[in-house]
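Architecture at a glance
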Amino acid sequence: MTNFFATYGFLIVSMLLGAMLGLSLYLPLMTGQLSLASPGFYALGGYISAILSTTVFKQNGNLFPLPWLFLEMLIAGIITGLLGIVVGVPALRLRGIYLAIATIAFVEILRVLSLNLDITGGAVGIFGIPQPFGTPIEYLWIALPLMLVSMALLYRLERIRVGRAFAAIRADELVADAIGINPTFYKVLAFTLGAILAGVVGAVSAHFLNTWNARQGTFDASIIYLTSVLIGGNRTFLGPVLGGMVFTALPEVLRAIAATAGLPIWLAQFLRDGRLIIFGLLIVLGTIFFPQGLVTPELFKRWRKGNS
């Protein structure tokens, strides 16, 4: 068991972080808003943590103190939440593909800024981010409780008045507005909650990866998170959790298959480097055959009836 965690500890923690990033994309989708801004907030949260830990909270020699990491997570959540409000109020006036394009532009703006600012390390990025743990698997002490809390909050959110307002707006925004629900308020709220979650995950990931640069928040990442939500399921929070874990692990599985299965060179190279093509195909096939994803509320209803 020790060897297992030593070998796959990095992947296990990455899967949990990927699941939470899927949830950050699922939150605005609860109101029917296709936002691809999560990688931008994720990158911003990582930069906040990286800058604070290497300058303000600089630690020499010993492990990075956990209280400072929690403070970085709090600061990252506050800043990304405020930025989520600033970006969400004008952007969420758009709908559908226009909102998706606007949020992609937001991600690209942040990426270009990070490439050209001295405080972010430019194209090189920030290296030597101090570690609060000695091994990757120990990050479970942060990642696992954070994911469980996120899932518990989403579970509760789907069952209270706010969640019902989200569902009403998603079903028909005009009807929701007619019965007294403020669509703008709830759409901005969902967008901001997603931004906060992505920023907090970014703060943890900066330490986990030990380096942070502009490649952490790109359009490629948006496609991966979108795939995890659309294929995993976009009608319940368990779908993005399952999808985030699977699609975080999938590139490593494909690389392992390419390295050990004795495949032709062209096929092995495709499996190693063509993950975005594979994800794109999965999005197309998934939306055709599983429009609500693999995990749906109806699935749980049938499961309960079968066990009753």
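All values reported here derive from a predicted model rather than from experimental measurement. (Residues numbered from 1 in each chain as written. Predicted model: local features only at pLDDT ≥ 70, side-chain atom pairs only at ≥ 80, totals over all residues. Heavy atoms only, no water.)

**Let's talk about the overall build of the protein**
Short version of the rule: Put simply, DSSP marks the helices as runs of H or I at least four residues long and the strands as runs of E at least two long, and each gets a number from the N terminus on. In this setup the radius of gyration rests on C-alpha atoms only. A globule is expected at 2.2 Å times the number of residues raised to 0.38. The classification of residues rests on relative accessible area computed with a 1.4 Å probe and restricted to protein chains. Under 20% of the type maximum is buried, over 50% is exposed, and intermediate values are partly exposed. For this analysis, residues touch if any pair of their heavy atoms sits within 4.5 Å. Accessible surface area values rest on a Shrake-Rupley calculation with a 1.4 Å probe, where residue burial reflects the displayed protein chains alone. Charged-residue counts in this description rest on Lys and Arg as positive and Asp and Glu as negative, His and the chain ends being excluded. For the purpose of locating charges, the reference atoms are NZ of Lys, CZ of Arg, CG of Asp and CD of Glu.
Across its full length, the protein carries 13 helices and 2 strands. Against the 2.2 N^0.38 benchmark of 19 Å for 308 residues, the protein shows a C-alpha radius of gyration of 20 Å, consistent with a compact globule. If one aligns the C-alpha atoms of the protein with their principal axes, the spans along those axes are about 60 × 50 × 40 Å. Residues classed as buried in the protein amount to 48% of the 308 residues present. Looking at the protein alone, contacts between residues at least 24 apart form 79% of all its contacts between residues at least 6 apart. Roughly 15,400 Å² of accessible area belongs to the protein as shown, and the carbon and sulfur atoms make up 69% of that amount. Positive and negative side-chain charges of the protein, numbering 19 and 12 respectively, have mean locations separated by a distance of 8 Å.

**Brief notes about the nonpolar core**
In plain terms, the rule: In this description, a nonpolar core means a group of buried Ala, Val, Leu, Ile, Met, Phe, Trp, Tyr and Cys residues linked to one another through side-chain atoms lying within 4.5 Å.
Core analysis: the largest hydrophobic core is formed by 78 residues, its most contacted members being L17, M73 and L154. Among the elements that make up this core, the one with the highest residue count is helix 8 (residues 183-209) (13 residues). Ignoring anything within four residues of it in the chain, the contact list for L154 reads L23, Y26, L27, M30 and F237. If you look at the next biggest cluster of nonpolar residues, it comprises 5 residues, including A258, A268, L271 and I278.

**Focus: the packing of aromatic side chains**
Given two aromatic rings, one states the distance between the centres and the angle between the planes to describe the pair. This is how the line gets drawn: Any two rings among Phe, Tyr and Trp, with Trp reduced to its six-membered ring, count as a pair given centres within 6.5 Å; such a pair is stacked if its planes are under 30 degrees apart, edge-to-face if over 60, and tilted if neither.
Scanning the model with the defined rule gives 11 aromatic pairs in all. Counting every residue linked through ring pairs, the aromatic cluster contains F10, F133, Y139 and F208.

**Thoughts on the confidence of the model for the protein**
It should be kept in mind that the predicted coordinates are not to be read in detail where pLDDT is low. This is how the line gets drawn: One confidence number per residue, pLDDT, is output by the predictor and ranges from 0 to 100.
Averaged over every residue, the pLDDT of the protein is 85; the share at 70 or more is 93%. For the protein, the element scoring lowest by mean pLDDT is helix 13 (residues 297-307), at 61; helix 8 scores highest, at 93.

**Some remarks on unusual backbone geometry**
Phi at N210 is positive, roughly 75°, even though this residue is not glycine. Checked against the element boundaries, N210 lands in the loop between helix 8 and strand 2 (211-212).

**A closer look at the environment of T31**
Rule in force here: Polar contacts, as used here, are pairs of N or O atoms within 3.5 Å; protein pairs need one atom able to donate a hydrogen and one able to accept it. Residues neighboring in sequence count only if both atoms are side-chain atoms.
Tracing the backbone shows T31 in the loop between helix 1 (2-29) and helix 2 (38-56). The spacing of T31 and F208 is 177 residues in sequence and 32 Å in space, taken between C-alpha atoms. The residues touching T31, leaving out its near neighbours within four places in the chain, are F166, I169, R170, Y186, K187 and A190. Side-chain polar atoms of T31 contact the backbone oxygen of P28, separated by 2.8 Å.

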